[in-house]
Amino acid sequence: MTHDHLDAAARPASRPFGRLLTAMVTPFTPDGSLDLDGAARLASHLVDEQGNDALVVNGTTGESPTTTDAEKEHLIRAVVEAVGDRAKVVAGVGTNDTRHTIELAAAAEKAGAHGLLVVTPYYNKPPQSGLLRHFTAVADATGLPVMLYDIPHRSGVPIDTETLVRLAEHGRIVAVKDAKADLTATSWVTSRTTLAFYSGEDALTLPALAVGSVGVVGTSTHFTGALTAQMIEAYDAGDMPTALSLHRRLLPLFTGIFRTQGTILVKAGLASLGLPAGPVRPPLVDATDDEIAQLRADFAAAGLELPE
């Protein structure tokens, strides 16, 4: 059921996955194989030390393009076992093949995931009617709540406002990871539906909150999680000076983590901190000494320390 904008605006936004989520990297051993013990330790760190309400596994930051279906399932089980009693685990299952996505969704549900992240099909550029059928079919396939992932600069196709409004009518489509960087479009959808919008751009979290979003699915939040949670809490409490101060403080890392592909720098930062990470898989390449030095400078600019 859709709602007019006055009704939607009058209700407090729900947070089906909490406020702070991190798109977790997938730790690998030095030879590039899956490090399940490391994944459990990293998940525990992100929940217990960085204050995450939920973790996204098997997203692009988790190198989903280069992990097998079996590895994805093993990873979900390991993370659910490590933190599933105190945080939600959202499994990335999106591909550009509806049948394969449904298979991954069913496997994720069986492995204990609490929700699904479903990215817009990439490269084959379906029309909006195709997106509607794809997302509906995936949402119909399990009993899990679904977060749509709207990231046109990677997928090639945005999820249009009218498509999002129609998808919001589905009982299990409850949220959007919004990486479209179009706050006008976000405003229209949050005013017309009860979809919970999570910023998919770390640096846009605060302005996204101002137009009806409820939180963030972050990348820099591997390191900035606790402070980002404080920023969201300050906004919720109406303490705009504190929220803005934290936004400005964290901006060097919100943006610096993407000086190259985000996974590369997250893994470099985690390794410097002695946390599980390991190498990236090709076609990604590990961070250079110059990139790590710049990352250290970005940490310092945000008032955080990255050890030598």
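Keep in mind that this is a model prediction, so the values were computed, not measured.

A. Representation of the pairing of strand β6 (residues 173-178) within the structure. Burial runs high along β6: 5 of the 6 residues are buried. Strand direction decides the pairing type here: strand β5 (residues 146-150) and β6, joined by 5 bridges, are parallel. Directly across from aspartate 150, in β6, lies its bridge partner aspartate 178. Strand direction decides the pairing type here: β6 and strand β7 (residues 196-199), joined by 4 bridges, are parallel. Residue alanine 175 lies in a different strand from β7, and its bridge partner there is alanine 196. In this fold, β6 hands off to helix α8 (residues 183-192), which returns the chain to β7; that crossover is right-handed.

B. Highlighting the nonpolar core. If you look at the biggest cluster of nonpolar residues, it comprises 60 residues, and the most contacted ones within it are Met24, Val79, Val83 and Leu148. It is helix α3 (residues 69-83) that provides the largest number of residues to this core, a total of 6 residues. With near-sequence residues (within four places) excluded, valine 83 lies in contact with Ala43, Ser44, Val47, Leu55 and Val89. Judged by nonpolar contacts, the second largest core, of 17 residues, contains Phe17, Val90, Ala179 and Val217.

C. Geometry of the pattern of salt bridges. In the structure shown here, the tally under the stated rule is 12 salt bridges. Two residues, aspartate 236 and arginine 15, come together in a salt bridge whose shortest N-O distance is 3.0 Å. With aspartate 236 in helix α10 (residues 221-236) and arginine 15 in the loop between α1 (5-10) and β1 (20-23), this pair connects stretches of sequence that are 221 residues apart. With relative accessibility at 37%, the residue aspartate 236 sits in the partly exposed group. Classification of arginine 15 by relative accessible area gives partly exposed; the value is 31%. The shortest N-O distance in the salt bridge between aspartate 48 and arginine 86 comes to 2.8 Å. You can see aspartate 48 sitting in helix α2 (residues 36-48) and its partner arginine 86 sitting in the loop between α3 and β3 (88-92), a full 38 residues away along the chain. The network of salt bridges with common partners includes Arg15, Arg19, Glu233 and Asp236.

D. Just the confidence of the model for the chain, in detail. Mean pLDDT for the chain: 95, with 96% of residues reaching 70 or above. Counting contacts from residues 1-12, a segment whose pLDDT is below 50, to residues more than four positions away or on other chains yields 13 contacts.

E. Representation of the layout of surface pockets in the model. As a volume, the largest pocket reaches approximately 510 Å³. Lining the largest pocket are 27 residues, with Thr60, Ser64, Pro65, Tyr122 and Arg154 positioned closest to its centre. Residue assignment for the lining of the largest pocket shows that the elements contributing at least two residues are α3, α4 (98-110), β4 (115-119) and α6 (152-155).

F. Main features of α3. Here α3 is 15 residues long and its end C-alpha atoms lie 21 Å apart, about the 21 Å a rise of 1.5 Å per residue gives. Within the sequence span of α3, burial applies to Glu71, Lys72, Leu75, Ile76, Ala78, Val79, Val80, Ala82 and Val83. Of the surrounding elements, those touching the buried residues of α3 are α2, β2 (54-57), β3 and α4.

G. Inspection of the UniProt feature "binding site: pyruvate" (unreviewed entry) in the chain at higher detail. UniProt feature "binding site: pyruvate" (unreviewed entry): in the numbering of this structure it lies at Thr61 and Val217. Look at the named residues: they lie 157 residues apart in sequence, but the longest C-alpha span between them is just 11.0 Å, so in the fold they bunch up. Here threonine 61 lies in the loop between β2 and α3. Judged by its relative accessible area of 13%, threonine 61 is buried. When residues no more than four places from it in sequence are discounted, the contact partners of threonine 61 are Ala23, Met24, Val25, Thr26, Thr219, His222 and Thr263. Note that valine 217 resides in strand β8 (residues 215-218). In this view, valine 217 contacts Leu21, Ala23, Val56, Met147, Lys177, Tyr198, Ser199, Gly200 and Asp202; residues no more than four positions away in its chain are not counted.

Thresholds applied
- Residues numbered from 1 in each chain as written.
- Predicted model: local features only at pLDDT ≥ 70, side-chain atom pairs only at ≥ 80, totals over all residues.
- Heavy atoms only, no water.
- Buried < 20%, exposed > 50% of the residue type's maximum accessible area, 1.4 Å probe, protein only.
- Helix = DSSP H or I, 4+ residues; strand = E, 2+ residues; numbered from the N terminus.
- Pairing = 2+ DSSP bridges.
- Right-handed = clockwise from strand over helix to strand, strands pointing away.
- Core = buried A, V, L, I, M, F, W, Y, C linked by side-chain atoms within 4.5 Å.
- Contact = heavy atoms within 4.5 Å.
- Salt bridge = Lys/Arg side-chain N within 4 Å of Asp/Glu carboxyl O.
- pLDDT = per-residue confidence, 0-100.
- 1 Å grid on protein atoms, 1.4 Å probe; cavity = no way out; pocket = protein on both sides within 12 Å on 5 of 7 lines; lining within 4 Å.
- Points joined across faces, edges and corners; volume = space filled by probe spheres on them.
- Expected span 1.5 Å × (residues − 1).
- UniProt positions renumbered as here; feature names shortened; annotations may be inferred.

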